[in-house]
Amino acid sequence: MEQSLLEVKDVSYAYHTKSGETPALSHISLAVSKGEFLAIVGPSGCGKSTFLDMLCGLLKPEIGEILLNGNPLEFSAAKIGYMLQKDHLFEWRTIYSNVLLGLEIQKKKTPETIRHAEELLLSYGLDKFKDARPSQLSGGMRQRAALIRTLALDPELLLLDEPFSALDYQTRLSVGDDIGKIIKKERKTAILVTHDISEAISMADRVIVFSKRPAGVQKIIPVEFSMPDRTPMSSRSAPEFKNYFNEIWKELNHDA
Amino acid sequence: MMHKLSSMSAEQKTYLQGQKRNAVLVQISRFLIFILFIGLWEGCARLGIIDSFIFSSPSKILYAMTDMMRNGTLIQHVSITLAETMISFALVTVLGIASAVLLWLFPRLSAVLEPYLVVLNSLPKSALAPLLIVWLGSNMKTIVIAGISVAIFGAVLNLYTGFCETDPDKLKLIRTLGGSKADSLFKVVLPSSIPLILSVMKVNIGLSLIGIVIGEMIGSKSGLGYLIIYSSQVFQLTTMIMSIVILCVIAILLYGIISLIQKCYLKKYS
């Protein structure tokens, strides 16, 4: 069997404050193979974002271990890209230098990496806005620029923490479609955290349902559509879509 | 422009004209108050309604000013006060930012020092000036330190508070990109704090001037602060009021320069 890109083995984590301990994650195990798009849905505040912080190495699991390519995960931003809820493009930088921020921080600004970033800007239609300030761009274009900032580092694994939640519904649909296509085209492995069931089904190859806090893996649902070349947008009109929706909905309201 | 004007609706034209008239009225009123004040002062002094020996008059002040300009003493006093203010302002800015950065870098240090900073900041700094003169002697260095002492503590506290209010998600972004604390500082905290730094500078330039004048009043042989104290002792009220007027002008000019820089920055980045 092919080795998984990412393996999470029996991970638990709790937050500590003066007033006590709050368990956030309990005994989570899962594996992600290369090129797969995984979506995690769960009740709000269940610890989904904590889980991503841990995959990125910002937090260390208290129990259990996380393996990347079979090796214990150390903090390696080089291999893992993280997209946050908002684009966080810096207003005091142009789009171009925002996109190069990651390379700059990791001291990887070489002619090749810069050319790669420029190619990404070109192929995703942002080269015209290279010298623009973030505020001159629409919400969708800003999110694209944020994705390119992450992709410029050529990460093996992309983590998406509700990256569309700051957008209005219409923009959200088209940006989700857009970003989904880009990730597929760049052949990236991705983990998307969302509370939007439709978004999860439309983008993912597998949907993982987290239980209430402390979060555990409640159910893993493989998503398969009969249509060829599915995109996030076309998936929404597939006949299987509503079955998956109902299945996940039931899981989420399982013990409510 | 002409085309734009002609394509405008009548209501829009009326609105814009109303706005313009309002702005002009405000300007004219401001100017009139100034003229009225000067005229009233001069008139009352000439008619003997107020004692021009104590209250002086605009013409006397103007005369004293040209006189002192001619023998060079005024330039000397003004330039000394200006130089001391600029030096202390520059040092306050540099030291203030550096100390706030240190406090931000080392949270434990800031936790330890916070009560001391708060006490030093709430202390009436003019009380320190006589002590500084005794300790350091009456020279330019002491005056500059007096200027710094008035502004520095507030500057550090304001800047530090501002640095701590940096968007935590932006800092998280830097960490997810593998950045260090230095990256956070130079790529997020400092650039996002430039508007704050400019507004703190605007306050500090005035505070530095206050500190310098206090210092000059009690421990100097030159500068406008000295001129005020000296002329009060020899009862030359015209010179004294003239010095105050010049201080007023200096304060407005210095504040204006920083405001201009601030405006340019905000225009470019917002």
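Cut-offs applied
- Residue positions are given per chain, counting from 1 as you read along its sequence in written order.
- The lettering of chains begins at A and the numbering of ligands begins at 1, in the order of writing.
- Residue-level local features of this predicted model are given only where pLDDT is at least 70; pairs of side-chain atoms are given and counted only at 80 or more, and the full residue set underlies all totals for whole chains, interfaces and linings.
- With hydrogens and water set aside, each side-chain value is computed from the structure's full complement of heavy atoms.
- Where helices and strands are cited, they refer to DSSP runs of H or I of at least four residues and of E of at least two residues respectively, numbered from the N terminus.
- Atoms counted for the radius of gyration: C-alpha only. Globule rule: 2.2 Å times residue count to the power 0.38.
- Two joining distances apply to patches: 9 Å for like charges and 5 Å for nonpolar side chains (Val, Leu, Ile, Met, Phe, Trp, Tyr), and every residue must have over 30% relative accessible area and no salt bridge.
- Surface accessibility follows the Shrake-Rupley procedure with a 1.4 Å probe radius. Residue values consider only the protein chains on display as shielding.
- Salt bridges are counted wherever a side-chain nitrogen of Lys or Arg sits within 4 Å of a carboxyl oxygen of Asp or Glu.
- Each pair of strands is called paired provided DSSP finds at least two bridges between the two strands.
- Angular values range over 0 to 180 degrees, each being the angle between N-to-C directions of two axes fitted as lines to C-alpha atoms, with helices fitted over their stretch in contact.
- On a range of 0 to 100, pLDDT expresses the predictor's confidence in each residue.
- Pairing of aromatic rings covers Phe, Tyr and Trp, the last through its six-membered ring, and needs centres within 6.5 Å; plane angles under 30 degrees mean stacked, over 60 mean edge-to-face, and all others mean tilted.
- Relative accessibility thresholds used throughout: buried, under 20% of the residue-type maximum; exposed, over 50%; partly exposed, between the two (1.4 Å probe, protein chains only).
- Note: domain ranges come from an automatic or database domain assignment.
- Contacts between residues were defined by any pair of non-hydrogen atoms, one from each residue, lying within 4.5 Å.
- Once two parts are put together, the accessible area they lose, assessed with a 1.4 Å probe and summed over both, is termed the buried area.
- Polar contacts, as counted here, are pairs of nitrogen or oxygen atoms within 3.5 Å of one another; within protein the pair requires one atom able to donate a hydrogen and one able to accept it, and residues that are adjacent in sequence qualify only if both atoms are side-chain atoms.
- Charged means Asp, Glu, Lys or Arg here, nonpolar means Ala, Val, Leu, Ile, Met, Phe, Trp, Tyr, Cys or Pro, and polar covers whatever is left, Gly included.

Turning our eyes to something else, we now look at the overall build of chain B. If you tally the helices and strands in chain B, you get 13 helices and 0 strands. Taken from the N to the C terminus, the helices and strands of chain B come in the order α-α-α-α-α-α-α-α-α-α-α-α-α. Expected size for 270 residues packed as a compact globule is a radius of gyration near 18 Å; at 25 Å, chain B overshoots this value by more than 25%. With the C-alpha coordinates aligned to their principal axes, the bounding extent of chain B is approximately 75 × 70 × 30 Å.

All right, on to a nonpolar patch on the surface then. Residue and element names in this part refer to chain B. A cluster of nonpolar side chains, Leu102, Phe106, Leu109, Val112, Leu113 and Tyr116, forms an exposed patch at the surface whose accessible area comes to about 580 Å². Tallying contributions element by element places helix 6 (residues 107–122) first for the nonpolar patch, with 4 residues. Looking at the secondary structure, you find Val112 in helix 6.

What follows concerns the sheet that holds strand 8 (residues 189–194) of chain A. All names here are of chain A. A sheet is described by the order of its strands in space; here 6 strands give the open sequence 6-7-8-3-9-10, paired in mixed fashion. Edge positions in the sheet fall to strand 6 (80–83) and strand 10 (217–222), since each of these pairs with one other strand and no more. Pairwise comparison of adjacent strand axes, ignoring direction, gives a mean angle of 15 degrees for this sheet. As paired elements, strand 7 (residues 157–161) and strand 8 share 5 bridges and run parallel to each other. In the strand pairing of strand 8, Asp161 is matched with Val193.

Taken as a whole, chain B shows an average pLDDT of 92; of its residues, 97% reach a score of 70 or greater. Looking at the elements of chain B, mean pLDDT is at its lowest for helix 1 (residues 2–6) of chain B, recorded as 55, and at its highest for helix 5 (residues 73–105) of chain B, recorded as 96.

Another aspect to go through is the packing of aromatic side chains. With the rule as written, the count across this model stands at 7 aromatic pairs over all chains. Here A:Tyr13 and A:Tyr15 contribute two aromatic rings whose centre-to-centre distance is 5.5 Å and whose plane-to-plane angle is 90 degrees, an arrangement assigned as edge-to-face. The class of A:Tyr15 is partly exposed, set by a relative accessible area of 29%. Each ring, one from B:Phe53 and one from B:Phe235, has its centre 5.8 Å from the other, and the planes form 25 degrees; the classification is stacked.

Turning our attention to the domain arrangement of chain B. Residue and element names in this part refer to chain B. When the domains of chain B are assigned, the result is domain 1 (9–50) and domain 2 (56–269). With 5 residues of domain 1 at the interface, the matching set in domain 2 holds 6 residues. Of the roughly 420 Å² buried where domain 1 meets domain 2, counting both sides, 68% is carbon and sulfur surface. On inspection of domain 1 and its partner domain 2, the count reaches 0 salt bridges. Counting across the domain 1 and domain 2 interface gives 2 residue pairs in polar contact (both at pLDDT 80 or more). The residue inventory of the side of domain 1 that touches domain 2, partitioned by class, reads 3 nonpolar, no polar and 2 charged.

Chain A puts 22 residues into the contact, and the matching count from chain B is 17 residues. Around 1800 Å² of area is buried between chain A and chain B when both sides are counted, 69% of it from carbon and sulfur atoms. For chain A, the biggest contributors to the area lost against chain B are A:His88, A:Trp92 and A:Ile105; these three give 35% of the whole. At the boundary of chain A and chain B, one finds 2 salt bridges. A:Glu104 is the partner of B:Lys187 in a salt bridge, and the nearest nitrogen-oxygen pair spans 2.9 Å. Remark: the boundary between chain A and chain B carries 4 residue pairs in polar contact (both at pLDDT 80 or more). Elements represented by at least two residues in the side of chain A that touches chain B include exactly strand 6 and helix 3 (101–105) of chain A. It is helix 3 of chain A that provides the largest number of residues to the side of chain A that touches chain B, a total of 4 residues. Of the residues in the side of chain A that touches chain B, the class split is 13 nonpolar, 3 polar and 6 charged.

Excluding glycine, residues mostly have negative phi values, and the peptide bonds linking residues are mostly trans. Residues and elements named next belong to chain A. Residue Pro214 is reached from Arg213 by a cis peptide bond, and omega for that bond is -5 degrees. The topology assignment puts Pro214 in the loop between strand 9 (206–210) and strand 10. Positive phi is not limited to glycine here, since Lys107 has a value of about 50 degrees. With respect to the secondary-structure elements, Lys107 resides in the loop between helix 3 and helix 4 (111–123). Positive phi is not limited to glycine here, since Arg187 has a value of about 55 degrees. For Arg187, the position within the fold is in the loop between helix 6 (169–185) and strand 8. Judged by its relative accessible area of 72%, Arg187 falls in the exposed class.

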